[in-house]
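# Close look at the chain arrangement
Below, each chain spelled out in residue letters.
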Amino acid sequence: MTRLAVPDLCLVVLVGATGSGKSSFARRHFLPTQTVSSDTCRGVVSDDEGSQEATKDAFDLVHYIVGKRLAAGRLTVVDATNVKPEDRRHLVEVAREHDVLPVAIVLDVPPEVCAERNSTRPDRAHMPAHVVPRHVRELRRGLRSLAREGFRTVHHLRGAAEIEAAEIALEP
Ligand code: CTP
Ligand code: MG
């Protein structure tokens, strides 16, 4: 078991390619109400959780909900790929506005594993083959800049076994 220390009030930003297991991780370790999912927000604004056209409105909604929860002093988890620095920047800003620590949990899963999982997913339409390798490239390129972006705590989980063995330890 690996204990991941997480402040009991913080903004947890999950970082991982599609198929890396972010939503599964959020379900296992956090309450459904603590988790703000970009796909759920796509669904809210477009009736289609897979709609890429709804991206801008979906993320406006993600940021709005995150801000409201942090203002209320509620631990919040962002379930979105968050692989690019520009995807993360606004989340760090919202956390700062509310004096809350942003914490990154990186699910660094080999592209073959993500692709294999995606190929058998009941919940998602067929994903073009180039998407996973791109996400993994972007994720790895950005790893070293996470601290500079404002993530004081970065939990970098390498591979499915490390993710499986992780437990969240909330700390006051
Ligand atoms: N999965 C698995 N074993 C794990 C984690 C996930 O077999 N240890 C499976 C899930 O059951 C799901 C698929 O892999 O069918 C993708 O997992 P999910 O948690 O949905 O991945 P996300 O990172 O949330 O993918 P996306 O960005 O596309 O939402
Ligand atoms: Mg997901």
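The structure contained in this document is the topic of the report that follows. Remember, it's a predicted structure, so these values are computed and weren't measured experimentally.

Thresholds applied
Residues numbered from 1 in each chain as written. Chains lettered and ligands numbered in written order. Predicted model: local features only at pLDDT ≥ 70, side-chain atom pairs only at ≥ 80, totals over all residues. Heavy atoms only, no water. Core = buried A, V, L, I, M, F, W, Y, C linked by side-chain atoms within 4.5 Å. Buried < 20%, exposed > 50% of the residue type's maximum accessible area, 1.4 Å probe, protein only. Helix = DSSP H or I, 4+ residues; strand = E, 2+ residues; numbered from the N terminus. Contact = heavy atoms within 4.5 Å. Salt bridge = Lys/Arg side-chain N within 4 Å of Asp/Glu carboxyl O.

### Some remarks on the nonpolar core
Core analysis: the biggest nonpolar cluster contains 44 residues, and Leu11, Val12, Phe25, Val66, Ile105 and Leu157 have the highest contact counts within it. Residue contributions to this core peak at six residues, all from strand S2 (residues 10-15). For Phe25, the residues in contact, after removing those within four places along its chain, are Leu4, Leu14, Phe30, Ile105, Leu107, Leu157, Ile163, Ala166 and Ile168.

### Some thoughts on the environment of Gly43
Mapped onto the elements, Gly43 comes out in helix H2 (residues 38-46). Non-local contacts of Gly43, meaning those with residues more than four positions away in its chain, are made with Asp48 and Glu49.

### Considering the pattern of salt bridges
Summed over the entire model, instances satisfying the criterion amount to eight salt bridges. We note a salt bridge from Arg28 to Glu167, for which the minimum N-O separation is 3.5 Å. Residue Arg28 is located in helix H1 (residues 22-29), and its partner Glu167 is located in strand S7 (residues 166-171); the two are separated by 139 residues in the primary sequence. Residue class for Arg28 comes out partly exposed when judged on its relative accessible area of 40%. Of the charged contacts, one joins Asp108 and Arg140 as a salt bridge, the two residues approaching to 2.8 Å between their closest N and O atoms. Taken together, the residues Asp108 in strand S5 (residues 101-108) and Arg140 in helix H6 (residues 131-142) connect sequence positions 32 residues apart.

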